[in-house]
Amino acid sequence: MNERSFSEWLRRQCEPEWTSVVTHPFAMAINQGVAADDDMRRYLEQDFQFVDSFTALLGAAVASADTFEARVPYGKFLGQVATTEEKTYFHRALAELGGRTEVELEPVTAAFKGLMDEVRAAQDYPLIAAVLCVAEWCYLGWAERATEPLPESFVHREWIELHEGAEFRAWVGFLRGELDRLGSGLDEERRQEVLGVFRRAVELERAFFDMAVGKRR
């Protein structure tokens, strides 16, 4: 393994599941603007339930990162998640779809929140970075497959735009870079531990998309 590409090694170890996520039929339906309203509502209602745990996980990354240079991007992104367009998008999109911000958690949602909370509580930076990287990188993976013109409906179009573009690519690049940097200092046991968390997050991402279209795994 090339230690400078630890993130790529992690991704490759999770095939074919990774490709199943970034080419998932539901994600492709979002890209094409044809995701059914009921599916999109269910998906966004459940995705909104991650906001608190995801925000807390970013805070844990700020606290547990081993360099000041790493803390700054986490802190910047934390402010964006808490105060800017993504949170606003949820409220507008759910209002459009007749959805709610408070709903009962689907099993996969509870499991993914549990994983986020587990690594946050452990304050284990490589594991925190792994979960964050999966959550963001795989979303870039499907969103970058969208082609122009983007869907007319803001529900689909803005969700794509939030997960594609220069700023989001730079954010994913930072997360991958942190995993690459950390990987060079990990022994084989720790690399396998990070892989286990990375793989579990990928599996949950796949199951979350399945949930949106009514599948149960």
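Residues numbered from 1 in each chain as written. Predicted model: local features only at pLDDT ≥ 70, side-chain atom pairs only at ≥ 80, totals over all residues. Heavy atoms only, no water.

## Quick notes on the side chain of Glu205
Along the chain, Glu205 turns up in helix α12 (residues 188-212). Those residues in contact with Glu205 that sit more than four places away from it in its chain are Val21, Phe112, Val134, Ala135, Cys138 and Tyr139. (Helix = DSSP H or I, 4+ residues; strand = E, 2+ residues; numbered from the N terminus. Contact = heavy atoms within 4.5 Å.)

## A closer look at the packing of aromatic side chains
Taken as a whole, this structure holds 22 aromatic pairs when the rule is applied. Ring centres of Trp171 and Phe174 lie 5.8 Å apart, and the angle between their planes is 20 degrees; this geometry places the pair in the stacked category. Residue Trp171 and its partner Phe174 are located together in helix α11 (residues 166-183), separated by three residues, close to a single helical turn. You can call Trp171 buried: its relative accessible area is 6%. Using a relative accessible area of 17% as the deciding quantity, one classes Phe174 as buried. Grouping aromatic residues by their ring pairs yields a cluster made of Phe26, Tyr43, Phe48, Phe50, Tyr89, Phe90, Phe112, Tyr139, Trp142, Trp159, Phe208 and Phe209. (Phe/Tyr/Trp six-rings, centres within 6.5 Å; stacked < 30°, edge-to-face > 60°. Buried < 20%, exposed > 50% of the residue type's maximum accessible area, 1.4 Å probe, protein only.)

## Focus on the packing of helix α4 (residues 37-48) against helix α10 (residues 154-162)
The N-to-C vectors of α4 and α10 enclose an angle of 45 degrees; their axes lie 12 Å apart at closest approach. Here α4 is positioned oblique relative to α10, judged by the angle of their axes. Every pair of crossing elements has a handedness; the one defined by α4 and α10 is left-handed. Of the residues in α10, those touching α4 at Met40, Tyr43, Leu44 and Asp47 are Val155, His156 and Trp159. (Axes fitted to C-alpha atoms, helices over the stretch in contact; angles between N-to-C directions. Parallel < 35°, antiparallel > 145°, perpendicular 65-115°, else oblique. Left-handed = near helix turned anticlockwise from the far one by under 90°.)

## With respect to the environment of Ala212
Looking at the secondary structure, you find Ala212 in helix α12. Among the residues examined, Ala212 registers a relative accessible area of 0% and is labelled buried. Residues Ala212 and Trp159 lie 53 residues apart in sequence; the distance between their C-alpha atoms is 15 Å. Look past the residues within four positions of Ala212 in its chain and what remains in contact with it is Phe26, Asp39, Arg42 and Tyr43.

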